[in-house]
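# Inside the fold
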Amino acid sequence: MASVTYDNVVKKYGDVQAITNLSLDIQDKEFLVLVGPSGCGKSTALRMLAGLEEITAGQIRIGDRVVNDVPPKDRDIAMVFQSYALYPHMTVYDNMAFGLKLRKMPKNEIDDRVKRAAGMLGIEDLLKRKPKQLSGGQRQRVAVGRAIVRDPSVFLFDEPLSNLDAKLRVETRANITRLHQELATTFIYVTHDQVEAMTMATRIVVLKDGILQQIDTPQNLYEKPANVFVGGFIGSPSMNFFDAKINKDGDNLTVDAGAFTVAIPAELNDKYGKYAGKEVIFGIRPEDIHDPNFAPPGVIHAPVDAKINVTELMGNEIFLYLNSNNKDFIARVDPRTNATIGADVEVSFNMANMHLFDKATEKALV
């Protein structure tokens, strides 16, 4: 078992800087997920840890050992790629055992490790098959099994679910989380899918353009995004944003978004009073916009008039695509709503869960 540390790590490709001063402390047995859009540097960060990319500057440590110049085979890590990279001419058993045979491990220990991993993954009956006889989900489990048999200090996953269909992704996501609990080993997982990140991680690292934006628990990232990018990236559909201004009238604060004005709850005056007159970005998640007739208890209501352009019935909820004075936004409302396309409606913003960001820096005001 081992912790992992990135200490001011930089990666450049010529004049292009892919990673900028990345510093992370990943705890022993933690499930850390690196998430961000394509090209943000998450896979590069993982590959540097694996030894597949050279480090331009800084240090990476596994436990107390600096591994900058340690060959990949000596880093005590195992990696599962997006491409399962199974040997087509070998059986499942031989694919899982191959790395152990290269290490000259005794046959009885190889057999024990392969069968134990196959049992954990529920693929005991597949050991004699070849990859072409397996489904995508089964191949993915074999690739994970090949990593498990090595009994590494750190497991690395680089978008391992990208080739699976939606149902299999949900199922395999749960299996990987269960494996983490059973193996009690450090897992570092890369994905562009924020749902995977939210459901699997102990902590999440959000990257953009090679720069760390925020690292926190999934719930804190959702409730307390550090900036506009994190607020928009975490959550589906994305948070709604409006250019706005904070106004003060006596003891009351309001957010004037041009298309509408909503009151800031009185209990938040101490937090936001000093920003009166400031240009801001007002954020509200779709799930915090309700049909007033079916709003849950505890909502601090702020009414907003809007027109419905599109509705999407999801079964357990309805997405409403709304427009208020030429400002578009999305709401996730109770499926019992009577909302119809083209109708003029009043929706309710839950101001207890609003977000305000500095317009110049895009950082959260509080």
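### With respect to the overall build of the chain
Of the regular secondary structure elements, the chain holds nine helices and 20 strands. Each principal axis of the C-alpha distribution contributes one length, and for the chain these read about 80 × 45 × 35 Å. Pairs at least 24 apart in sequence give 66% of the contacts found in the chain among residues at least 6 apart. Carbon together with sulfur atoms contributes 47% to the accessible area of the chain, which is approximately 17,200 Å² in total.

### A closer look at the pattern of salt bridges
Two side chains that carry opposite charge are able to pair once their charged atoms sit near each other. Summed over the entire model, instances satisfying the criterion amount to 16 salt bridges. Note that Asp74 and Lys73 form a salt bridge whose closest N and O atoms lie 3.4 Å from each other. Here Asp74 falls in the partly exposed class, since its relative accessible area comes to 36%. For Lys359, the salt bridge is made with Glu279, and the minimal N-O distance between the two is 3.9 Å.

### Some words on unusual backbone geometry
In this structure, Pro237 follows Ser236 across a cis peptide bond, with omega equal to -5°. For Pro237, the location among the structural elements is in the loop between α8 (228–233) and β11 (240–249). We note that Asp151 has phi near 50°; this positive angle belongs to a residue other than glycine. Here Asp151 shows up in the loop between α4 (136–148) and β7 (154–158). With a phi angle near 50°, Asp209 is a residue other than glycine that sits in the positive phi range. Tracing the backbone through its elements, the reader meets Asp209 in the loop between β9 (203–208) and β10 (211–216).

### With respect to the sheet that holds strand β6 (residues 77–80)
Taken in spatial order, the six strands of this open sheet run β6-β7-β8-β3-β9-β10, and their pairing is mixed. Of all the strands in the sheet, just β6 and β10 have a single pairing partner and so form its edges. Averaged over all pairs of adjacent strands, the angle between their axes in this sheet comes to 15°, without regard to strand direction. Across five bridges, β9 lies against β10 in antiparallel orientation. By the bridge assignment, Val205 is partnered in β10 with Ile215.

### So, the packing of aromatic side chains
Two descriptors summarise a pair of aromatic rings, namely the distance from one centre to the other and the angle between the planes of the rings. With the rule as written, the count across this model stands at 16 aromatic pairs. Relative to Phe187, the ring of Phe31 lies with its centre 5.4 Å away and its plane at 50°, an arrangement referred to as tilted. Separated by 156 residues along the polypeptide, Phe31 in strand β3 (residues 31–35) and Phe187 in strand β8 (residues 186–191) bring together distant segments of the chain. Ring centres of Phe31 and Tyr189 lie 6.0 Å apart, and the angle between their planes is 45°; this geometry places the pair in the tilted category. Of this pair, Phe31 sits in strand β3 while Tyr189 sits in strand β8, and the two are 158 residues apart along the sequence. One aromatic cluster is present, built from ring pairs that chain together Phe31, Phe155, Phe157, Phe187 and Tyr189. In this arrangement the basic side chain of Lys11 is found over the ring face of Tyr13, its NZ or CZ atom lying 4.8 Å from the centre. Over the face of the ring belonging to Tyr222 we find Arg285, whose NZ or CZ atom lies 4.3 Å from the ring centre.

### Overview of the pairing of β6
Neither face of β6 is open: one carries Ile77 and Met79, the other Ala78 and Val80, and all of them are buried. Across four bridges, β6 lies against β7 in parallel orientation. By the bridge assignment, Val80 is partnered in β7 with Phe157.

### Thoughts on the nonpolar core
Core analysis: the biggest nonpolar cluster contains 48 residues, and Met96 and Ile148 have the highest contact counts within it. Residue contacts for Ile148: discarding those within four places in its chain leaves Ala117, Met120, Leu121, Phe155, Leu179 and Leu183. The next biggest cluster of nonpolar side chains, apart from the first, holds 34 residues, and it includes Ala244, Val255, Phe260 and Tyr272.

About the criteria used
- Residues numbered from 1 in each chain as written.
- Predicted model: local features only at pLDDT ≥ 70, side-chain atom pairs only at ≥ 80, totals over all residues.
- Heavy atoms only, no water.
- Helix = DSSP H or I, 4+ residues; strand = E, 2+ residues; numbered from the N terminus.
- Contact = heavy atoms within 4.5 Å.
- Areas by Shrake-Rupley, 256 points an atom, 1.4 Å probe, with all protein chains shown as cover.
- Salt bridge = Lys/Arg side-chain N within 4 Å of Asp/Glu carboxyl O.
- Buried < 20%, exposed > 50% of the residue type's maximum accessible area, 1.4 Å probe, protein only.
- Pairing = 2+ DSSP bridges.
- Axes fitted to C-alpha atoms, helices over the stretch in contact; angles between N-to-C directions.
- Phe/Tyr/Trp six-rings, centres within 6.5 Å; stacked < 30°, edge-to-face > 60°.
- Lys NZ or Arg CZ within 6 Å of the ring centre and 35° of its normal.
- Core = buried A, V, L, I, M, F, W, Y, C linked by side-chain atoms within 4.5 Å.

Bear in mind that shape data such as this cannot, by itself, settle questions of function.
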